[in-house]
Each structure stands twice: as C-alpha cells, then as structure tokens.
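Fold and geometry: a report
Listed below are the residues making up each chain.
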Amino acid sequence: MEALDYHAEERRKAEFDVEEMKIVWAGSRQAYEISDRVARLVASDPVFRKDNRTMLSRKDLFKDTLRKAAHAWKRIIELRLSGLFFSCGMFIPAIKGQGNEEQQQKWLPMAYKMQIIGCYAQTELGHGSNVQGLETTATFDPETDEFVIHSPTLTSSKWWPGGLGKVSTHALVYARLITDGQDHGVHGFIVQLRSLDDHLPLPGITVGDIGMKFGSGAYNSMDNGVLRFDHVRIPRDQMLMGVSQVTREGKFMQSDVPRQLVYGTMVYVRQKIVADASCALSRAVCIATRYSVVRRQFGSHNGGPETQVIDYKTQQSRLFPLLASAYAFRFVGEWLKWLYTDVTQRLQASDFSTLPEVHACTAGLKSVTTSATADAIEECRKLCGGHGYLSSSGLPELFAVYVPACTYEGDNVVLLLQVARFLMKTVSQLGSGKKPVGTIAYMGRSEHLLQCRCEVERAEDWLKSNVILEAFEARAARMSVTCAKNLNNFPNQEEGFAQLATDLAEAAVAHVQLIIVSKFIEKLQQDIPGKGVKRQLEILFNVYALSLLHKHLGDFVASGCITPKQSALANEQLRLLYSQVRPNAIALVDAFNYTDHYLGSVLGRYDGNVYPKLYEEAWKDPLNETVIPDGYHEYIRPILKQHIRVARL
C-alpha cells in the first residue's frame, strides 16, 4: 500500500489536466476514446493473458499467439471495430500502391476478410538493403502466359519475412523480371504458397521458419520464414502491374501510371514505424518513471525514509530527456501522417516535385527515431537497476521485440547515407536559383546561417523557441556545407562518399533532429486546450532540444553557432527544467493511458504496488514448481556427498 500512496501523492502534484493531455497524446478526442475502449477490452479478456509469455516454449508461444490472433479477429467482427484488420506487414499496402485497379479489386477484399493471409517477401539470405541485388528470378514463358519463379542460388532464398514461416498462404515476392533473356530489374509478384484446403506447401515451394531469435518470448511469437522456389509457375496477371506490365506477347511496358507512385507505400510504412517508435519509447519511459518514484535508495536522515530515486539529478538527467523524446516522436509521427496524405494527393495529381525531399525526410526519421528508441529502452532498463533485468519488469522483452526496427525496412546507417546524398545535392543547387522547400527550406538561408551567432546572454534565453530553432538550423546547414566542400576535394564523388561516410551520416542526423525540433515547435503553435497542458509541452520541448544540444555539443560549438559559455548556460537551464518536470513526471506518463496489461510490467504498475507483486511473480516460475530441483539426485547430491567417481588414467 505504501507504493500505492506514492503514486497517489505524485498524481496530486500534477500541474496540468491529465485527461486533456491524454487527448493531445492520442491525437484527437475520438482517437483517445477508441484506443481507450480497445485497450480496456483487451485487458479484461482472459484470452489475452501474456504474463507467462517468457516461460513458454517456442511451440507453445507460437500456438498461444495464433489463439490470441484468432480471438482478436473474432472480437473485431463481433464488435464491428471498423478499420482494424490483420495483415503481415506490407502485403496489403504494396498491393494498394503497386497493383492496378483490377488486381486491387481481386486481392484486397480477400486480404481484408482474412480469406488469404499475405506476407511481404523481399529480403533474401544474401541481400537486404540492396534491393537491386536480389537474385530470385521471374522469367516469362510466352507459350503458357506464365511467370516462372525460381531461386537460382542458396543466397536467393527469401529470409526474414514475418508470417511466412508457418502462417501465410500468399506472398508478395520481389524478383528479377526476365523477358526474352532481358533483365528488367526487380518487380513484385503475388504467389500462392500453401493450399487453402489443407495448408500444405504447393509443388516447387520449400518454406519454413528461420529459428529462434534474440530474447525470451519477444519476437519469437512471429514466424519469420525462409522460402525457396523451384520453377514455380504463376499466371501473368499476378505480376503487380500498377506501374509496369508484361503483355501477352512478352513485351515489357511501363504503364501510364508513373513509377513514383510506389513512394506512397514507402511513406505509409515509414510513418507507421515512427509512430511505433514513440509507442515503444513511451512504454519504456512509463515503466522507468513509475519505478523511479517507488524505489528508494540512500539519503536516509535520522531514521527517516530513503530518497526516491527519481529525486537524484543523475536519474533525472537520464530519464527526463527520454520522456521528452517520447512526446517529440509522437508529434513528428502525427506530422508524417499528414505528409503521407499530402504526398498521396500530389502523386495522384502527377505532382512529383516533393518526392526527393519526402524520401529523405522519411528515411531519416525512420533511422533516427528507431535508433534512439532502441538505445532508450536499454537505458530505461538500467534506470530500473537490477530489477529491470527481470523478465517481469517488461523491459527485456520490449527491447528484444523492438530492436529489429533498426534494421528492417532499411538499415539505419544506409538510410542516413541516402539522406546525406539528398543534402549534398541540395547544397550543390543552392546557387542555381532552385528554392529548397519543406523540411529543407532552411538551406535557402544558408548564407545567413553560416554567419549567424546565437543570441544567448542568460540561461533563460534558451527557452525561446526561435533561438533554439536557429541554433539547430545553423548546425545542420554548416555540417552539410562542410561535407559538400570536403567532397569537392576528391577527384571521384563516390570515393569521397566512401571516405566521408561517417561525417555525412552525422550531417544527416543533424538535419533529421532539426525536423523533429521544428515539428515540436509547430505543435506548440496549435490551439492546445486544458489547464497547464501547453505549459508542460513547452517544458518538454525545451528538455528535448537542450538535451540534444548537450549530447551533440561538439557539433554546435565546432560549427561556430554557439560559444562554450552559451553551452554552459544551456546546461544550467536544462537543470532547472528537470526540476519543473519532476512534480509532473507521473502524470506525464499517465497521459500515455496504458493499461497494466498493455505495459506488461510489475515495475510499471499504475498503483505502484511493486514489491509484493515481484515476490508473487517469482513463485510462478516453473523452477519453483518443485522444492527439490530436477537433477538433484544425479548431479547435486553426488557432489555434496563426495560420491564422485574419478576415471583412472
């Protein structure tokens, strides 16, 4: 009950309307009400129990996951929860983005109704980020009007697609299109893998699971698969023909629809990944914040209580920037939803002007948010001390589930280098009269940014959003311009990119962090209702921005936009901001509105009743089912009784 009182007392300290902050976090009142209803339905349904996940065998874990998925689908239908559906990753978005109208009408209704289950089979054993290096072939046979899908090498085996190993009936397979001996590059093909009657693999198809992955429970509930084709034939109309097609005669043709339409799918997927980053990060931060209030350590005076861990400045300086990051990623994720709508409308109107900028922006945000989130979850585990290492803390499994995001849908370093190429092209065009737009618009003021000096004389000057924004713009612009100048010293551009890759990646990070900062500022400029809500968001913005400035201080000082004295003032202001976050910390994580079931953490319980529950969880472990362990008579007793037989040499 003592821990419960801690949280009750903490909630009374809140200086803002928590219910209104929940709406801000959800994006709208309607989104909040829907998510709240669904979360509580799931939490109250015993079928969705998950506290035993880490103790299940791989087979039992997978079967339990199937049971939950089937039950969820049943409840979605019963409750008419429109808009909710299952699909394995990008199968449906890819058909929507790359299929023609006839293909969409045929395949999408079946996928939405779960009459077929699809996966996205792109990555191969030997190729991931380099899509153009894929080896699987799709050779057109004009005699039968079919494509022959084939895996010519071991490394051409499809490897990693989620849902492929045991569940999917169909796959969207990416393969090299070959007609009349000519290779037309990589295209998508809808291939049936298993019989819809008995689920057995069809002739010519070898398919299975790739095995255990990192962590207990975690991503091991997913059947990531391996897939090989032995001259599997499919009808010609199962090639995705939204942007290109093969005629009955075997002639390859680009359709009237521009190839750039495929970017719509990419933007959709990446905005979803950024949204997932804010979700995973906020879960970890919620656990670490609640436990930091409960845990007391040292600082006892005259027999009084020990100090709450959250009151130590070292804990605050590690935890509160992560709390601020969760909000920052949430808001930039909201903006990405708008960007997806905007770019889709532009593509439909054959306006491709923003595509290079959109590609760079989404690639960079995917990279920066997922890397930061993976690091932050591990930091939250350490912030919980030894108990954070327990499976019952929820953090080990959350980490293991999340870290694949750093490599799927584009390796994070590779994506940063794609952003860097865009930045270098932008810098090279600055004198051409072509005006940078969108997230790169600040480059149009590069002359000013290369010369400007930060106007900070007192610590409180760092609370001005325009001062912070200009500092981040100056840093990003100067790092990009410096890289561009250094590239000019190489006779060969590609050699320069190879040699300066680290600098280029760091310039890309600076650009992306500027985007996140600017979108947080835009959020603050909106009409935000609720007592004290906007004030708390302003504090979180300043914590986010100034903690980044502190972390990347070398970049800011080296670029000349701020002085060492100004950086010291920024740190002074940051310490003051932590003191302002402290009374509101529990309320700020309450605003995520996560049920205890969803968090899956004894340490992150809403009521703070941590220690009795930790003790209770320990006795649930299978090792405690017997007082004397299996193996005692064979191994422990002989040692204790010194009845060990030593072989004679």
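Keep in mind it's a predicted model, so treat the numbers as computed, not measured.

By volume, the second largest pocket amounts to about 820 Å³. Lining the second largest pocket are 31 residues, and of these Leu322, Ser547, Leu548, Lys551 and His552 sit closest to its centre. If you list the elements that add at least two residues to the lining of the second largest pocket, you get helix 8 (313-348), helix 9 (355-383), helix 11 (412-428), helix 15 (501-524), helix 16 (533-551) and helix 18 (564-581). For the lining of the second largest pocket, the per-class residue count stands at 15 nonpolar, 10 polar and six charged.

This next bit is on a nonpolar patch on the surface. A contiguous nonpolar patch, built from Tyr635, Ile636 and Leu640 and spanning about 350 Å² of accessible area, is present on the exposed surface. Note that Tyr635 resides in helix 22 (residues 632-640). Residue classification places Tyr635 among the exposed positions, given a relative accessible area of 59%.

What follows is about the packing of helix 8 against helix 18. Closest axis-to-axis distance for the helix 8/helix 18 pair is 10 Å, and the angle between their directions is 80 degrees. With respect to helix 18, the axis of helix 8 lies roughly perpendicular. Mapping the contact onto sequence places Lys313, Gln316, Ser317, Phe320, Pro321 and Leu323 in helix 8 and Arg575, Tyr578, Ser579 and Val581 in helix 18. Taken together, the residues of the contact of helix 8 with helix 18 sort by class into five nonpolar, three polar and two charged.

Right, let's talk about the packing of aromatic side chains for a bit. Overall, the coordinates contain 17 aromatic pairs when judged by the stated rule. Aromatic side chains Trp25 and Phe592 sit 4.5 Å apart centroid to centroid with 50 degrees between the ring planes, which places their arrangement in the tilted category. A residue pair is termed long-range when its members are at least 10 positions apart, and Trp25 in helix 2 (residues 18-26) and Phe592 in the loop between helix 19 (585-590) and helix 20 (596-599) qualify at 567 residues. Taking the relative accessible area as the measure of exposure, Phe592 reaches 3% and is therefore buried. Each ring, one from Tyr615 and one from Trp619, has its centre 6.1 Å from the other, and the planes form 70 degrees; the classification is edge-to-face. Ring-pair connections join several aromatic residues into one group, and the members of that group are Trp25, Tyr327, Phe331, Phe520, Phe541, Phe592, Tyr594 and Tyr598. Positioned above the aromatic ring of Tyr606, the side-chain terminus of Arg11 is 3.5 Å from the ring centre. Directly above the aromatic system of Phe497 lies the positively charged group of Arg421, at a separation of 4.1 Å from the ring centroid.

We now examine the pattern of salt bridges. For the structure on display, the rule yields 40 salt bridges. The shortest N-O distance in the salt bridge between Glu124 and Lys158 comes to 3.1 Å. Residue Glu124 is found in the loop between strand 1 (118-121) and strand 2 (137-141), and its partner Lys158 is found in strand 4 (residues 158-159); the two are separated by 34 residues along the sequence. Taken as a pair, Glu124 and Lys158 share a single burial class, namely buried. For Asp145, the salt bridge goes to Arg236, with nearest N and O atoms at 2.5 Å. Placement of Asp145 in the loop between strand 2 and strand 3 (146-150) and of Arg236 in the loop between strand 9 (232-235) and strand 10 (244-246) is noted, with a sequence separation of 91 residues between them. Because the salt bridges share partners, they merge into one network encompassing Glu10, Lys13, Asp311 and Arg582.

Conventions adopted
- Residues numbered from 1 in each chain as written.
- Predicted model: local features only at pLDDT ≥ 70, side-chain atom pairs only at ≥ 80, totals over all residues.
- Heavy atoms only, no water.
- 1 Å grid on protein atoms, 1.4 Å probe; cavity = no way out; pocket = protein on both sides within 12 Å on 5 of 7 lines; lining within 4 Å.
- Points joined across faces, edges and corners; volume = space filled by probe spheres on them.
- Helix = DSSP H or I, 4+ residues; strand = E, 2+ residues; numbered from the N terminus.
- Nonpolar A, V, L, I, M, F, W, Y, C, P; charged D, E, K, R; others polar.
- Patch = residues over 30% accessible without salt bridge, like charges linked within 9 Å, V, L, I, M, F, W, Y side chains within 5 Å.
- Areas by Shrake-Rupley, 256 points an atom, 1.4 Å probe, with all protein chains shown as cover.
- Salt bridge = Lys/Arg side-chain N within 4 Å of Asp/Glu carboxyl O.
- Buried < 20%, exposed > 50% of the residue type's maximum accessible area, 1.4 Å probe, protein only.
- Axes fitted to C-alpha atoms, helices over the stretch in contact; angles between N-to-C directions.
- Parallel < 35°, antiparallel > 145°, perpendicular 65-115°, else oblique.
- Contact = heavy atoms within 4.5 Å.
- Phe/Tyr/Trp six-rings, centres within 6.5 Å; stacked < 30°, edge-to-face > 60°.
- Lys NZ or Arg CZ within 6 Å of the ring centre and 35° of its normal.

Such coordinate-based values are descriptive only and should not be taken to indicate function.
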